[in-house]
Amino acid sequence: METILLFLSSFLVCVAAVDPSTQDAKEKVENPFIYDYESLRIGGLAFAVVLFTLGILLILSRRCRCSINQKPRAPGDEEKQEENLVVPKATVVAETAAEN
Amino acid sequence: MGDKDDRSPKKKKGATKDMDDLKKEVPITEHKMSVEEVCRKFQTDIVQGLTNAKAAEFLIRDGPNALTPPPTTPEWVKFCRQLFGGFSILLWTGAILCFLAYAIQAATEDDPAGDNLYLGIVLTAVVIITGCFSYFQEAKSSKIMESFKNMVPQQALVIREGEKVQINAEEVVAGDLIEVKGGDRIPADIRVVSAHGCKVDNSSLTGESEPQNRSPDCTHDNPLETRNIAFFSTNCVEGTARGLVICTGDRTVMGRIATLTSGLETGKTPIAKEIEHFIHIITGVAVFLGVTFFILAIILGYSWLEAVIFLIGIIVANVPEGLLATVTVCLTLTAKRMAKKNCLVKNLEAVETLGSTSTICSDKTGTLTQNRMTVAHMWFDNQIHEADTTEDQSGASFDKSSVTWLSLARVAGLCNRAQFKGGQDSLPILKRDVAGDASESALLKCIELSCGSVRVMRDKNKKVAEIPFNSTNKYQLSVHETEDPNDNRYLLVMKGAPERILDRCTTILLQGKEQPMDEELKEAFQNAYMELGGLGERVLGFCHVLLPEDQYPKGFAFDTDDVNFQTDNLCFVGLMSMIDPPRAAVPDAVGKCRSAGIKVIMVTGDHPITAKAIAKGVGIISEGNETVEDIAARLNIPVSQVNPRDAKACVIHGTDLKDLSQDQMDDILRNHTEIVFARTSPQQKLIIVEGCQRLGAIVAVTGDGVNDSPALKKADIGVAMGISGSDVSKQAADMILLDDNFASIVTGVEEGRLIFDNLKKSIAYTLTSNIPEITPFLLFIIVNIPLPLGTITILCIDLGTDMVPAISLAYEMAESDIMKRQPRNPTRDKLVNERLISIAYGQIGMIQALGGFFSYFVILAENGFLPSILVGIRLNWDNRSVNDLEDSYGQQWTYEQRKIVEFTCHTAFFVSIVVVQWADVIICKTRRNSVFQQGMKNKILIFGLFEETALAAFLSYCPGMDVALRMYPLKPTWWFCAFPYSFLIFVYDEVRKLLLRRNPGGWVEKETYY
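(A) Spotlight on the overall build of chain B. Of regular secondary structure, chain B possesses 40 helices and 28 strands. By its C-alpha atoms, chain B is 135 × 65 × 60 Å across when sized along the principal axes. Evaluated residue by residue, chain B yields a buried proportion of 57% over its 1010 residues. Considering only intrachain contacts with a sequence separation of at least 6, the fraction spanning at least 24 residues in chain B is 71%. In the form shown here, chain B has an accessible surface area of approximately 40,900 Å², with 56% of it arising from carbon and sulfur atoms.

(B) The arrangement of the nonpolar core in detail. Residues and elements named next belong to chain B. Residues I620, L767 and F910 are the most contacted members of the largest nonpolar core, which totals 165 residues. Leave out the neighbours within four places in its chain, and L767 touches F278, I282, P320, L836, I837, A840 and Y841. In this structure, F380, V434, A442 and L491 belong to the second largest nonpolar core, which totals 33 residues.

(C) Representation of the pairing of strand β21 (residues 599-603) of chain B in the model. All names here are of chain B. For β21, a buried count of five out of five residues is recorded, marking the element as mostly surrounded by other parts of the structure. With burial as the criterion, each face of β21 is covered, one bearing K599, I601 and V603 and the other bearing V600 and M602. Bridge count between strand β9 (residues 359-362) and β21: four bridges; the pairing is parallel. Considered in β21, the bridge of S362 is made with M602. Sheet analysis places β21 next to strand β23 (residues 674-678), joined by two bridges and oriented parallel. Bridging across to β23, M602 finds its partner in V676.

(D) View of the packing of aromatic side chains. Residues and elements named next belong to chain B. Under the defined criterion, the tally for this structure stands at 29 aromatic pairs over all chains. For the pair Y552 and F556, a centre-to-centre distance of 5.0 Å together with 90 degrees between the ring planes defines the contact as edge-to-face. Between F777 and F780 the ring centres are 6.0 Å apart and the planes differ by 20 degrees, which places this aromatic pair in the stacked class. One end of the pair is F777 and the other is F780, both in helix α28 (residues 770-782) and three residues apart, which spans about a single turn. Grouping aromatic residues by their ring pairs yields a cluster made of Y490, Y552, F556, F558 and F565.

(E) Inspection of the confidence of the model for chain A at higher detail. Residue and element names in this part refer to chain A. The pLDDT averaged across chain A works out to 59; a share of 28% of its residues lies at or above 70. Element-level pLDDT for chain A is lowest in helix α3 (residues 81-99), with a mean of 39, against a maximum mean of 80 in helix α2 (residues 37-69). Segment residues 66-100 is flagged for pLDDT under 50; beyond a separation of four residues in sequence, or across chains, it makes 47 contacts in the model.

(F) Up close: helix α36 (residues 939-957) of chain B. Residue and element names in this part refer to chain B. An ideal rise of 1.5 Å per residue puts 27 Å on 19 residues; α36 measures up with 27 Å between its terminal C-alpha atoms. In terms of residue burial, α36 counts as a mostly covered element, since 17 of its 19 residues are buried. A distance of 3.2 Å separates the backbone nitrogen of I940 from a side-chain oxygen at the start of α36, and that oxygen is part of N938.

(G) Region of the structure containing the sheet that holds strand β26 (residues 735-737) of chain B. Residue and element names in this part refer to chain B. The mixed open sheet is built from eight strands, whose spatial order is β8-β26-β25-β24-β9-β21-β23-β22. Strands at the two margins of the open sheet, each flanked by one partner only, are β8 (343-345) and β22 (649-653). Shown here is a sheet whose adjacent strand axes are inclined to one another by a mean of 20 degrees, direction ignored. Relative to β26, strand β25 (residues 717-721) runs parallel, the two being bridged by three bridges. Counterpart to V719 in the pairing with β26 is M735. Helix α20 (residues 608-618) rests against β21, β22 and β23 of the sheet, and its axis sits at about 150 degrees to β23. Relative to the sheet, helix α23 (residues 662-671) contacts β21, β22 and β23, its axis offset from that of β23 by approximately 135 degrees.

(H) Spatial organisation of a nonpolar patch on the surface. Residue and element names in this part refer to chain B. Among the surface-exposed residues, V287, V291, I295, L296, I299 and L300 lie close enough to one another that they form a single nonpolar patch of about 500 Å² accessible area. Residue placement: V287 occurs in helix α10 (residues 270-299). Owing to a relative accessible area of 38%, V287 belongs among the partly exposed residues under this scheme.

(I) Looking closely at the environment of P70(B). Residues and elements named next belong to chain B. Within the secondary structure, P70 is located in the loop between α4 (52-62) and α5 (75-84). Among the residues examined, P70 registers a relative accessible area of 40% and is labelled partly exposed. Sequence separation of P70 and K658 is 588 residues, and the distance between their C-alpha atoms is 28 Å.

(J) Molecular detail of the environment of E37(B). All names here are of chain B. Inspection of the secondary structure puts E37 in helix α3 (residues 35-41). Overall, the relative accessible area of 38% leaves E37 in the partly exposed class. Engagement of the side chain of E37 in a polar contact is seen with the backbone nitrogen of S34, the distance being 2.9 Å.

(K) Molecular detail of the packing of helix α6 (residues 87-108) of chain B against helix α11 (residues 304-317) of chain B. Residues and elements named next belong to chain B. Contact geometry for α6 and α11: axes closest at 9 Å, N-to-C directions at 155 degrees. Here α6 lies roughly antiparallel to α11, going by the angle between them. Remark: the crossing between α6 and α11 carries left-handed chirality. Here G94, L97, C98, L100, A101, I104, Q105 and T108 of α6 come into contact with α11, specifically with L305, V308, I309, I312, I315 and V316. Its residues assigned to classes, the contact of α6 with α11 shows 11 nonpolar, three polar and no charged.

Criteria and cut-off values
Residues numbered from 1 in each chain as written. Chains lettered and ligands numbered in written order. Predicted model: local features only at pLDDT ≥ 70, side-chain atom pairs only at ≥ 80, totals over all residues. Heavy atoms only, no water. Helix = DSSP H or I, 4+ residues; strand = E, 2+ residues; numbered from the N terminus. Buried < 20%, exposed > 50% of the residue type's maximum accessible area, 1.4 Å probe, protein only. Contact = heavy atoms within 4.5 Å. Areas by Shrake-Rupley, 256 points an atom, 1.4 Å probe, with all protein chains shown as cover. Core = buried A, V, L, I, M, F, W, Y, C linked by side-chain atoms within 4.5 Å. Pairing = 2+ DSSP bridges. Phe/Tyr/Trp six-rings, centres within 6.5 Å; stacked < 30°, edge-to-face > 60°. pLDDT = per-residue confidence, 0-100. Expected span 1.5 Å × (residues − 1). Polar contact = N/O pair within 3.5 Å; in protein donor to acceptor, adjacent residues only side chain to side chain. Axes fitted to C-alpha atoms, helices over the stretch in contact; angles between N-to-C directions. Patch = residues over 30% accessible without salt bridge, like charges linked within 9 Å, V, L, I, M, F, W, Y side chains within 5 Å. Salt bridge = Lys/Arg side-chain N within 4 Å of Asp/Glu carboxyl O. Parallel < 35°, antiparallel > 145°, perpendicular 65-115°, else oblique. Left-handed = near helix turned anticlockwise from the far one by under 90°. Nonpolar A, V, L, I, M, F, W, Y, C, P; charged D, E, K, R; others polar.

Next up, the structure:
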């Protein structure tokens, strides 16, 4: 649930951040045929950056939180995997060598 | 032998005949010949061995004594297989069609649009990149495989021209006289001519856990059973033997199995078949759409060439560009997840196979059991005691306070030649290496565990004389000094076959007191012996006696050759029985497989009694289920009168299996749920697997020995053991359990089923956006509106925004307990079926297209082009020379201005698809449950939502995009055009799933549950 809340709230924040700038633009420029694309671009990019950062933060936050309420079944803990592959290999080699 | 050599030149023709030949039993006959005959056959001498000249001649004739390595596929072939296999073909076809379309355009138009060229290049790039990705992924696991190969060259001691020489095992030829001793690996198939207490470990070849005696006499017609043949690459455990080499290299029993294995052809993996089916569906839809609109275009008066371009365009637009990468990444993620749980998957596609598995044929020795003899039961004080057989000594213990037990432990410890190898004091007792016979080591470990150091015991009771075990005596005895230095008597201890021991006893030890052996006690002994034997255990009897001092004073010279001391009138102490116990995690795992609807069959080379006991122990034959023989015994009627249908379980002997017809075999596999095959040869294992496959089952085989490898190769998925498994079996398998834990199979099944479900979701998600991508082009052709969505934007969706959400669905958790479900039916439950297509294309996709067109019309209307004026405007709109096109309000637009509006529409359409795909990914999370039941715990998916939105915003707003990708910034309000449609999709699908859950089996389920 809290993830949905997080998602919604962050979304609202972003919309709120973008909206004033565009409203400002509308007030300043009376002519409906000319649109302030410059601030739109900046607002849009800021929106993209904020979303992207949020996404990254979400991924990184996994490691601290998953241990409490989620099964450890996702990519965050994939780093361990390398050693897992190496250890049995070594023992296997030793084992086969011992056999002979 | 000769005819085989003759056949090899025309191998191509006789390849199938060879395979059938290899499937038959071993043709060795030398065991029935006398030593002289064998010598004559190989022109050798029993004392002198071969002459060097002869040996060299034979070496040239037969080739080196080594197994021909299986033909390895060159790296570039593997790479090409990745590039052109399965799904890639679809993309290649798309790319070629694109280039074709571009060529046509280039030939006919002055200024061809580059779209088709770019699309072709991108498609090619996607296939190559994904191909490289999966190639390196598989190369990684094959590198681990390489490390399994052992490089130590084998040595063999041969006698040539009367001299013993140590040579490389590769140079051994048929006819060589060789010598092996305990610890050696047998360098070729040999006919034993003389042996001293020689025992070989045949477990990797026949599956017998116990070391087998070898002696010069022929004891059985079957070469695998007779005592006078020792096989290539088995181990000599103890004793020495001298023998004549009868087969070398690929002609050995082991070599035949290896050749059979590498010659077997394996079918496609289930997932590959599913992907093929999927490609058929997609191609069908694409061709149908393409041809329909081709005809329409012709009717509407387009030229032939234009219509062909449209045809190609529509077909290519149906290719889901991102799906190949998505599927590959999803499978890779699962493979990694499994590797973390110690299941190494050699072939990416095999990841899913365990999930579809409906039958598991498991080897016993080393897979279900620990492959080490362990003391399981004891009988003393007229009572059966249970010993702890668990690997970690967590099981129950028995009463160790009895005096009889101390005596029994003393006899077992003293009358025992096994000893721990040095330098292992830090290891737990069960892990230590022991030099000596398997059952003696079992006794040693058991005593060491319960009574402390055996070495101290042996030091206190110095050994004076010893008669080792031999098959005529069937006992082993030794004479020791007693612990008490003032007591000058000698202690005689003896162990051996229980009935022989009993014959020598007149008294029995009960609660530490010697009592005369009466009939009642003898019967108690018989009962205990029968009961332990019936458990498939190997039973040994123990007895001792304190030799009277007057007859055997201190310093008495015991002569072990013509036994000059008392070996009867002994005192019986007890029985100890040993078994190769099941691994701890196995019963649980078998139970889980059962509840997952998977039939577990045991296929072993071991004896039926042992096999049945273990099968009962691990739950392959569940409690209360009887075999035909059990029923017959219970009802006291002959076996023939029992209705085979009454027995759910059955134990089938390999020799019976040989006489079964195919129909009878099918009958057994179909009608019995719990089957044990005992005494099976490698060839029979293969036949069993083929039988299961004939009945439509997807078969997994687990095994560790060489004897399992043909079956491992033939199975839909072969699972080998990483630690105890032989090289050949690992080569043949598709999956390797790095920790040898059978329970990992359950993990494999679970992960396999999960990824199958999640792939469905991923595909449903990815396919949905195909409709809003194709419809703009269709309407562009039919009603002549300005193109609402361009090729570049389509690629941005397929390879950009859709990727992460599609992959994130691989992390989705199971909706229900997938391990309680029956395995899927490969003929009915497809990865992609018409219902999935109907949902994705026909329902959700259509709503998405509506959303996209809504934003398209909104933007054009805001710019002055009302929808009514758009229809039919295309020719003027796309005409460079028309620079005064009027909109609904009479404003005039130049070509360049019009194009900016058009590309803004493309961007808006693109953003709308992203918005409706939000809803799509959320509804694709589940197939039956509501999202509210499933929750939003999948963080990757939330990340995907953020990321696709951020990417869309970036593409739209980043300065320079108007030049690079022709994407223009959108007014914030335009983002919201598709929101109602997104909401509609969500509600629509939630309602559908609600109906589906409310009416199980109803119309909604039949028509829409994918």
